[in-house]
Each structure stands twice: as C-alpha cells, then as structure tokens.
Amino acid sequence: MTTVRTLDVPGARLRYEVRGSGPLLLVMGSPMDAAAFAPLADALAGDHTVVTHDPRGISGSALDDPAQDSTPQLRADDVAALLDALGAPDADVFGSSGGAVTGLALAERHPKRVRTLVAHEPPLLELHPQAEAQRAATDDIVDTFHEHGVGAAWRKFMVTAGFDVGGEGDGAPGPRQQPSEQDLANSARFFAHELRHTTRYLPDVAALRAGGAGVVVGVGAGSRGLSTYPVSLALARLLDTAPVEFPGDHGGFLARPAEFAETLRKTLAAQGREPGR
C-alpha cells in the first residue's frame, strides 16, 4: 500500500509517498517526480520503507513563488525536512540524474542524515572534460526553450546529452509522446528554473569525504555515450571509490526496475551502514 502525504517547507508544499516496510530508503530524481520511480519503489518495498517525492515546483509539490529557482541546496533542505517529518534521524538515499545532485548536496549540508548515498549518473557538467562547451550547450538549450518552447528544447537536450533520439534506449528524463499539461509544466520549470543550477553544481569533495556518509557513484551499463558517464567516473575518482554499474542507461530504473532494484540492494548491503549510526 502506498500512502500519499504533504509537507509544508519554506516556500513550498511537498507531495511525497511512503510504501513498504524495513530500513528507510529515499528514492529521488529531479525533475523526475515520484511517479517516475513508482516501479522501482514497488520493487524495493518488500524489504525497505521507500519514500519518493515530487521535487519543489514539480507535479504535486506547489511553490509559493512559481518564479523561484530550484537549486540543489534548496532541494537538499527539503529532503532533510522530509526526514524530520518521518521522524527519522537518517536514511539511505538513492538519487538519479538531478536527484543524484540533490543527494550530493544533502550529504554535504546534512551529513549525519545520510547513511549511504547512491548517486546514479549526476549531471555534474563542470567535471566534464569539455566543461566550457557543455556550459555553452546548456545555455543554448535554455535559450531554445524561451524562444521555441518545450519540444524544441527537449530535442536539443537529448542530442546534447548523447541520447540516440531515433533509437530505443531506456529513456531520457523528458516527457514521452503526447505530453500531458503537467508534463509540459514540469518541463518548462526544468528549463527555466532548474537545468543551469543542477548542471553547474560543483560538489565539495572534501566535505563529502569527511562527512561520514558513504557515497557510491552509479553508472549505467548502456550509458557510455552519454554526457553523464564521464562526469560520473570523474566524481568516483575524486572520491577515490569504484563506480557501480547498474542495468540499462540513464533511465535504467524505468525500463528494468526489478534488475535495477536488485543491484541497488546489493550496493547498499555492501556498505553495511546501520540505521541511526
């Protein structure tokens, strides 16, 4: 059974879902909402209490000021507030894409709240070998959104990120065919208020290494051609850890939730960190 709850945080009201029983595991994306992680959460709920949420300004999480930007720091503070609402001193955290960046910010800002963070392909483009070109490409995507709309921006985003837009990959983070009004609203928020802040986030590696949280970097088995692959490897090198390979590509949790969940279970078990440590 899935329980839907809301939580007031500074500047927003968060919608979140709780399912399953066992050790607490937060599963998150950005801009992906809770619905995108439902198959993965269901696959994990037999042995974990899994909490998913809509990031601020996305889907059911409304903002007091719709013009407010979404930064990794703000999103991290929201997650800490979720832990407070759950009465949990700490949790394991799985974040994918922008959610992995949120998780890194959480581990920096609230290190005692994170047992193990599995950061799956965070788009830390400042760590890219061609960071300046990636920065310019991101600016061009945002400009394309403002000039030509969501569809043109997503097409440019997917090509820039390395997706084969004519192929059958596991899925980019954009809306599928015939997007709903909510898809369009989420996409507009992503391009106008989130993309730059997420991709330009530069983690404090010293703080991550000193903070006490175990940080594991995940990469997709099919992600070698994506811009998130080299930056994930770069982060793992900076943390002096070996990356863990997950099934599929950047959206492997969507296409292969059962296999993905099993890899995540094994990764968390290998860390061996107890709740309330």
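Being a predicted model, the structure only gives us computed values, none of them experimental.

What counts as what
- Residues numbered from 1 in each chain as written.
- Predicted model: local features only at pLDDT ≥ 70, side-chain atom pairs only at ≥ 80, totals over all residues.
- Heavy atoms only, no water.
- Axes fitted to C-alpha atoms, helices over the stretch in contact; angles between N-to-C directions.
- Helix = DSSP H or I, 4+ residues; strand = E, 2+ residues; numbered from the N terminus.
- Parallel < 35°, antiparallel > 145°, perpendicular 65-115°, else oblique.
- Left-handed = near helix turned anticlockwise from the far one by under 90°.
- Contact = heavy atoms within 4.5 Å.
- Nonpolar A, V, L, I, M, F, W, Y, C, P; charged D, E, K, R; others polar.
- Expected span 1.5 Å × (residues − 1).
- Buried < 20%, exposed > 50% of the residue type's maximum accessible area, 1.4 Å probe, protein only.
- Core = buried A, V, L, I, M, F, W, Y, C linked by side-chain atoms within 4.5 Å.
- Pairing = 2+ DSSP bridges.
- Right-handed = clockwise from strand over helix to strand, strands pointing away.
- 1 Å grid on protein atoms, 1.4 Å probe; cavity = no way out; pocket = protein on both sides within 12 Å on 5 of 7 lines; lining within 4 Å.
- Points joined across faces, edges and corners; volume = space filled by probe spheres on them.
- Phe/Tyr/Trp six-rings, centres within 6.5 Å; stacked < 30°, edge-to-face > 60°.

S.K.: Pulling in residues and values, what's your account of the packing of helix H4 (residues 131–148) against helix H6 (residues 181–193)?
M.R.: Closest axis-to-axis distance for the H4/H6 pair is 9 Å, and the angle between their directions is 130 degrees. When the axes of H4 and H6 are compared, the pair comes out oblique. Here H4 runs over H6; the crossing is left-handed. Contact residues: Ile141, Val142, Phe145 and His146 in H4; Ala188, Phe191 and Ala192 in H6. Of the residues assigned to the contact of H4 with H6, the class counts are six nonpolar, one polar and no charged.

S.K.: Can you break down helix H5 (residues 150–161) residue by residue, with the values?
M.R.: Compared with an ideal rise of 1.5 Å per residue, which puts twelve residues at 16 Å, H5 spans 16 Å between its outermost C-alpha atoms and is within 8% of the ideal. Where H5 is concerned, the buried positions are Val150, Ala152, Ala153, Trp154, Phe157 and Ala161. Check the buried side of H5 and you find it contacts H4, H6 and helix H7 (195–199). Looking one or two residues beyond H5, the residue adopting positive phi is Gly162, at roughly 105 degrees.

S.K.: Requested: an account of the nonpolar core, with residues and values cited.
M.R.: Residues Leu26 and Leu117 are the most contacted members of the largest nonpolar core, which totals 41 residues. The dominant element in this core, judged by the number of residues it contributes, is helix H3 (residues 98–109), at six residues. When neighbours within four sequence positions are excluded, Leu26 is seen to be in contact with Val51, Val79, Leu83, Leu86, Ala91, Asp92, Val93 and Phe94.

S.K.: Pulling in residues and values, what's your account of the environment of Pro123?
M.R.: As for its placement among the helices and strands, Pro123 is situated in the loop between strand E7 (114–120) and H4. Taking the C-alpha atoms as reference, Pro123 lies 9.9 Å from Leu226; in sequence the two are 103 residues apart. Leaving out residues up to four positions away in the same chain, Pro123 has contacts with Ser97, Gly98, Val101, Thr198, Thr199, Thr228 and Val231.

S.K.: Quick rundown of the pairing of strand E8 (residues 214–220)? Include the residues and the values.
M.R.: When you tally the buried positions in E8, you get seven out of seven residues, the bulk of the element. Residues of E8 alternate between two faces, with Gly214, Val216, Gly218 and Gly220 on one and Val215, Val217 and Val219 on the opposite face, all of them buried. Direction of pairing for E7 relative to E8: parallel, over a ladder of five bridges. The partner of His120 across the bridge, within E8, is Gly218. Taken together, the three bridges between E8 and strand E9 (residues 244–246) define a ladder with parallel strand orientation. Within the sheet, the bridge partner assigned to Gly218 lies in E9 and is Val244. Crossover handedness for the path E8 to helix H9 (residues 228–239) to E9: right-handed.

S.K.: Provide a residue-level description of the packing of H4 against H5, including the pertinent values.
M.R.: Contact geometry for H4 and H5: axes closest at 7 Å, N-to-C directions at 160 degrees. Between H4 and H5, the angle falls in the class roughly antiparallel. Considering only the axes of H4 and H5, their crossing is right-handed. For the pair formed by H4 and H5, the contact residues are Ala137, Asp140, Ile141, Thr144, Phe145 and His148 on the first element and Val150, Ala152, Ala153, Lys156, Phe157 and Thr160 on the second. Broken down by class, the residue content of the contact of H4 with H5 amounts to seven nonpolar, three polar and two charged.

S.K.: Go over the side chain of Ser227, please, and point to the residues and values.
M.R.: By the element assignment, Ser227 lies in the loop between E8 and H9. For Ser227, a relative accessible area of 12% corresponds to the buried category. Dropping the residues within four chain positions of it, Ser227 is found in contact with Leu125, His128, Gln134 and Ala161.

S.K.: Kindly report on empty space enclosed by the protein, identifying the contributing residues and their values.
M.R.: Under the defined criterion, the tally for this structure stands at three cavities of 30 Å³ or more. If you add up the space inside the largest cavity, you get close to 270 Å³. Pro123, Phe157, Ala161, Leu195 and Thr199 are the residues nearest the centre of the largest cavity, which is lined by 23 residues in total. Among the elements of the structure, H4, H5 and H7 are those that each provide at least two residues to the lining of the largest cavity. Considering only residue class, the lining of the largest cavity consists of eleven nonpolar, eleven polar and one charged.

S.K.: Describe the packing of aromatic side chains, with residues and values.
M.R.: As enumerated under the stated definition, the model contains eleven aromatic pairs in all. On the basis of an interplanar angle of 35 degrees and a centroid distance of 4.7 Å, the ring pair of Phe246 and Phe260 is categorised as tilted. With Phe246 in strand E9 and Phe260 in helix H11 (residues 257–271), the pair connects residues that are 14 residues apart, well separated along the chain. Each member of the pair, Phe246 together with Phe260, is buried. Ring centres of Phe253 and Phe260 lie 6.1 Å apart, and the angle between their planes is 75 degrees; this geometry places the pair in the edge-to-face category. Judged by relative accessible area, Phe253 falls into the buried class, the value being 2%. A network of ring pairs unites the aromatic residues Phe37, Phe94, Phe246, Phe253 and Phe260 as a single cluster.

It is worth stressing that arrangement in space is one thing and function is another; only the former is reported here.
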